Amino acid sequence: MLMILTVVDRVGETKMNMKNPKRKGMTGLETAIILVAFVIAAAAFSFVVLNMGFLTAQKSQTVISAGMDEATSSLQADGDVTAEFDVAAGNMTTCYFYVRLSQGREPIDTAGDKLIVTYSNPRVHGVIKDGTKAGASITEVVGDGDTLVETGERWEVIIDFDVVANATVLNDDGAYTRSYEAFRVELRPSQGSVLTVERQLPAINTEIMVVE
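Residues numbered from 1 in each chain as written. Predicted model: local features only at pLDDT ≥ 70, side-chain atom pairs only at ≥ 80, totals over all residues. Heavy atoms only, no water.

Concerning the overall build of the protein chain
Helix and strand counts for the protein chain stand at three helices and twelve strands. For the protein chain, the residues scored as buried account for 30% of the 212 residues in total. Here the analysis covers contacts within the protein chain between residues at least 6 apart in sequence; of these, 59% occur between residues at least 24 apart. Surface exposure of the protein chain reaches about 13400 Å², of which carbon and sulfur atoms provide 59%. (Helix = DSSP H or I, 4+ residues; strand = E, 2+ residues; numbered from the N terminus. Buried < 20%, exposed > 50% of the residue type's maximum accessible area, 1.4 Å probe, protein only. Contact = heavy atoms within 4.5 Å. Areas by Shrake-Rupley, 256 points an atom, 1.4 Å probe, with all protein chains shown as cover.)

Structure follows, in structure tokens:
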């Protein structure tokens, strides 16, 4: 019975093809069109995926680069820390040291609040140099005369603790660091990590000495 039905179906199909001989050709053309459409859709989807991958990789690289910039100090100390003392009072009155630009870093602007200096000892902590406070000065020693710390230049940082203790800065006599006390100075550029200079004073028995 099944064989009879199959034969009948094939006979019917043959008659249809004889009535419409273009049917078989049209079916092949439709299949080709569908395949081409699938290929185009797959190519478009692949392009979108690859493009998103490239954008994601570029964004990741930008984030990593920015993170490295923030994690790497743009400034570095250049030499020893020297201090002046009031031997009778037993405290530090002035501190100065030199800084320069780290290798391969972008220039650092020292104008106004673009470079902030903070100071702390066992009794006080606060900003001593920004757009309004002048407890610390940053002066070019070797350079081209602008406000940017650039490659090959040398700058001197001077902290006057008589000014720091004044009402215009910290307004606290505790700003004077004494014998055997530690102090910390931080230079905070607008970009890059903080340069920290931390020392502990020895016994104060001379007016000027290098603080190790």
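Having seen the model, we can carry on.
Notes on the environment of Gly 135
Along the polypeptide, Gly 135 turns up in the loop between β6 (125–129) and β7 (136–142). Along the backbone, Gly 135 and Val 164 are 29 residues apart, and their C-alpha atoms lie at a distance of 4.8 Å. Look past the residues within four positions of Gly 135 in its chain and what remains in contact with it is Ile 128, Ile 158, Ile 159, Asp 160, Val 163, Val 164 and Val 169.

A word on the packing of aromatic side chains
All told, the structure shown has one aromatic pair when counted by the stated rule. With a centroid separation of 4.9 Å and an interplanar angle of 55°, the aromatic rings of Tyr 119 and Phe 161 are classed as tilted. Remark: Phe 161 occurs in helix α3 (residues 161–164) and Tyr 119 occurs in strand β5 (residues 115–120); sequence separation between them is 42 residues. Grouping residues by exposure puts Tyr 119 and Phe 161 together as buried. (Phe/Tyr/Trp six-rings, centres within 6.5 Å; stacked < 30°, edge-to-face > 60°.)

A short note on the sheet that holds strand β11 (residues 195–200)
Pairing within the open sheet is antiparallel, and its four strands lie in the order β6-β5-β10-β11. The two strands at the open ends of the sheet, each matched to only one other strand, are β6 and β11. With strand direction ignored, the average angle separating the axes of adjacent strands in the sheet is 20°. By the bridge criterion, four bridges tie β5 to β6 in an arrangement that is antiparallel. Within β6, the residue paired with Thr 118 across the bridge is Val 127. (Pairing = 2+ DSSP bridges. Axes fitted to C-alpha atoms, helices over the stretch in contact; angles between N-to-C directions.)

Section: the nonpolar core
Judged by nonpolar contacts, the single largest core of 37 residues is most densely connected at Phe 97, Tyr 119, Ile 128, Val 164 and Leu 187. Here the element with the most residues in this core is strand β3 (residues 91–101); it accounts for five residues. Contact partners of Tyr 119, with chain neighbours within four places excluded, come to Val 124, His 125, Gly 126, Ile 128, Phe 161, Val 164, Leu 170, Ala 175, Thr 177, Phe 183, Arg 184 and Val 185. (Core = buried A, V, L, I, M, F, W, Y, C linked by side-chain atoms within 4.5 Å.)

Here's the deal with the confidence of the model for the protein chain
Across the protein chain, the average pLDDT comes to 81, with 76% of residues at 70 or higher. Of all secondary-structure elements in the protein chain, the lowest mean pLDDT belongs to helix α1 (residues 2–19), at 43, while strand β2 (residues 81–86) reaches the highest, 97. A low-confidence stretch, residues 1–18 stays under pLDDT 50, and its non-local contacts, those more than four residues away or across chains, total one contact. (pLDDT = per-residue confidence, 0-100.)

What to know about the pairing of β5
Within β5, five of the six residues are buried, which leaves the element mostly enclosed by the surrounding structure. The sheet contact formed by β5 and strand β10 (residues 182–189) spans six bridges and is antiparallel. Note on β10: the bridge partner recorded for Leu 115 is Pro 189.

Some details on the environment of Val 141
Examined against the element boundaries, Val 141 turns out to sit in strand β7. A residue is classified by how much of its surface remains accessible, and Val 141, at 45% relative accessible area, is partly exposed. In this structure, the C-alpha to C-alpha distance between Val 141 and Arg 154, residues 13 residues apart in sequence, is 5.5 Å.

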